[in-house]
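# Topology and contacts: notes
Residues per chain, in single letters:
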Amino acid sequence: MVYAIAVLCVFGIAAGQIMFKLSASAMQRAGTLFDLKTILILGSAFALYGFTTLAWVWVLQKIELGKAYPLMAMAFILVPIGSYFILGERFQTQYFIGVLFIIVGIVLAIRS
């Protein structure tokens, strides 16, 4: 269960990053930070980050940091996947090779 919560934290962090990008785009379009859409997206991202941080602290009460932290590397995979599907960003083949190395590293670190 603890590892499931840790993975949910990673998904929350990844979603927060996408929301930060969405708020930055909304702010650029509006020309101000005080646009309602920008404030709502940015506030939601802060709230998600805050909740995720509290959950992460709970996770760290239950397992060693050295065991939990490699899971955070999954954010390096999830954020670009989200940016591809939500923001329409594109990546080159080299990127996917790098992602494969990250996945192998995560698996090796968690199994150690």
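For the structure given in this document, a descriptive report is provided here. (Residues numbered from 1 in each chain as written. Predicted model: local features only at pLDDT ≥ 70, side-chain atom pairs only at ≥ 80, totals over all residues. Heavy atoms only, no water.)

## Digging into the overall build of the chain
Rules: Every helix listed is a DSSP run of H or I at least four residues long, and every strand listed is a run of E at least two residues long, numbered separately from the N terminus. Think of it in three bands: residues with accessible area under 20% of the maximum for their type are buried, residues over 50% are exposed, and the middle band is partly exposed, with areas taken using a 1.4 Å probe on protein chains only. The accessible surface values rely on the Shrake-Rupley method and a 1.4 Å probe; as for residues, cover is taken only from the protein chains in view.
Of regular secondary structure, the chain possesses five helices and zero strands. Going from the N terminus to the C terminus, the chain shows its helices and strands as α-α-α-α-α. Dimensions of the chain, computed from the C-alpha atoms along their principal axes, are close to 50 × 35 × 15 Å. Going through the 112 residues of the chain one by one, you find that 30% of them count as buried. A total of about 7,400 Å² of accessible surface is found on the chain, and carbon and sulfur atoms cover 72% of it.

## Here's the deal with the environment of P80
The following threshold applies: Residues count as neighbours in contact if any of their non-hydrogen atoms are within 4.5 Å of one another.
Inspection of the secondary structure puts P80 in helix 4 (residues 75-87). Sequence separation between P80 and F96 is 16 residues; the distance between their C-alpha atoms is 10 Å. With residues near it in sequence (within four places) discarded, P80 still touches A75, F91 and Y95.

## A few points about the nonpolar core
Applied cut-off: Buried Ala, Val, Leu, Ile, Met, Phe, Trp, Tyr and Cys residues form a nonpolar core when they are joined through side-chain atoms within 4.5 Å.
The biggest cluster of nonpolar side chains holds 18 residues, and the ones touching the most others in it are V10, W56 and V59. Per element, the largest residue contribution to this core is five residues, and it comes from helix 1 (residues 2-30). Non-local contacts of V59, meaning those with residues more than four positions away in its chain, are made with V2, I5, A6 and A68.

Take it as geometry only, folks, not as evidence of what the structure does.
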